[in-house]
Amino acid sequence: MADQKKQPNQGQINIELDETVAQGIYSNLAIINHSVSEFVVDFVTIMPGIPKSKVKSRIILTPQHAKRFLKALNDNVKRFENAHGEIKDYEQPPIPLNFGPTGEA
């Protein structure tokens, strides 16, 4: 029995969160691209009056994980709105995106 207490239960995952990652990164723009094998989500912070921004974090997901993430985020938004009221989605003008110089042939 003593051996069972030392081993984690099967099916459980032990996840560590270091202090730097725990602080998080603020983002007010996500750019999503995909191929047949992956979804790439770039998180950006855009500040008023500053015309240039950098990608702060990039997350790469398989299509299956992207769909699970979408479902989990949707479920959490519904629970948030049930507890705090509807989240207002304000219309914003489109943001012209520029990813550097374009190539020439």
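Our structure's up above, just so we're on the same page.
Below: a short report on this structure.

Reading the values: the criteria
- Numbering of residues begins from 1 in every chain and follows the order in which that chain's sequence is written.
- At least 70 in pLDDT is required for a residue's local features to be given in this predicted model, at least 80 for side-chain atom pairs to be given and counted, and no such filter applies to totals for whole chains, interfaces and linings, which use all residues.
- Derived side-chain values reflect all non-hydrogen atoms in the structure, with water molecules and hydrogen atoms excluded from consideration.
- We count a stretch as a helix when DSSP gives it H or I for four or more residues in a row; a strand needs E for two or more, and each element gets its number in order from the N terminus.
- Each residue gets one of three labels from its accessible area relative to the maximum for its type: buried under 20%, exposed over 50%, partly exposed in between, using a 1.4 Å probe on protein chains only.
- Computed by Shrake-Rupley with a 1.4 Å probe, the accessible areas treat only the displayed protein chains as cover when residues are assessed.
- What qualifies as a polar contact is a pair of N or O atoms within 3.5 Å, subject to a donor-acceptor requirement within protein and to the restriction that residues adjacent in sequence count only when both atoms come from side chains.
- Residues are treated as being in contact if the distance between any of their heavy atoms lies within 4.5 Å.
- For this document, the term salt bridge refers to a Lys or Arg side-chain nitrogen within 4 Å of an Asp or Glu carboxyl oxygen.
- Nonpolar side chains (Val, Leu, Ile, Met, Phe, Trp, Tyr) within 5 Å and like charges within 9 Å form the patches, drawn only from residues with over 30% relative accessible area and no salt bridge.
- Each pair of strands is called paired provided DSSP finds at least two bridges between the two strands.
- The angle between two axes is taken between their N-to-C directions and runs from 0 to 180 degrees, where each axis is a line fitted to C-alpha atoms and a helix contributes only its stretch in contact.

A look at the overall build of the protein chain
Of the regular secondary structure elements, the protein chain holds three helices and three strands. For the protein chain, the sequential pattern of α-helices and β-strands runs α-α-β-β-β-α. The 105 residues of the protein chain split such that 9% are buried. Summed over all atoms, the accessible surface of the protein chain reaches about 10,500 Å², with 56% contributed by carbon and sulfur.

Comments concerning the side chain of T45
Secondary-structure assignment places T45 in the loop between strand 2 (39-44) and strand 3 (55-61). A polar atom in the side chain of T45 sits 2.4 Å from the backbone oxygen of Y26. Beyond its immediate chain neighbours, meaning those up to four positions away, T45 contacts Y26, S27, N28, S53, K54 and K56.

Details of the pattern of salt bridges
Should the charged atoms of two oppositely charged side chains come close, the side chains can pair. Scanning the entire structure with this criterion turns up two salt bridges. Between D75 and K71 there is a salt bridge; the shortest N-O distance is 3.2 Å. With D75 and K71 both in helix 3 (residues 63-84) and four residues apart, the pair spans about one turn of that helix. For D75, a relative accessible area of 31% corresponds to the partly exposed category. With a relative accessible area of 55%, K71 lands in the exposed category.

Focus: a nonpolar patch on the surface
On the surface, F69, L73, V77, F80 and I87 cluster together into a nonpolar patch covering about 440 Å² of accessible area. Overall, F80 belongs to the partly exposed group, its relative accessible area being 42%.

Some remarks on the sheet that holds strand 1 (residues 29-34)
Judged by pairing direction, the sheet is antiparallel, and its three strands sit side by side in the order 1-2-3 without closing on themselves. Where the open sheet ends on each side, the last strands, each with one partner, are strand 1 and strand 3. Ignoring which end each strand starts from, the neighbouring axes of this sheet average 20° apart. In this sheet, strand 3 lies alongside strand 2 in antiparallel orientation, the contact comprising six bridges. Bridge pairing in strand 3 links F39 to L61.

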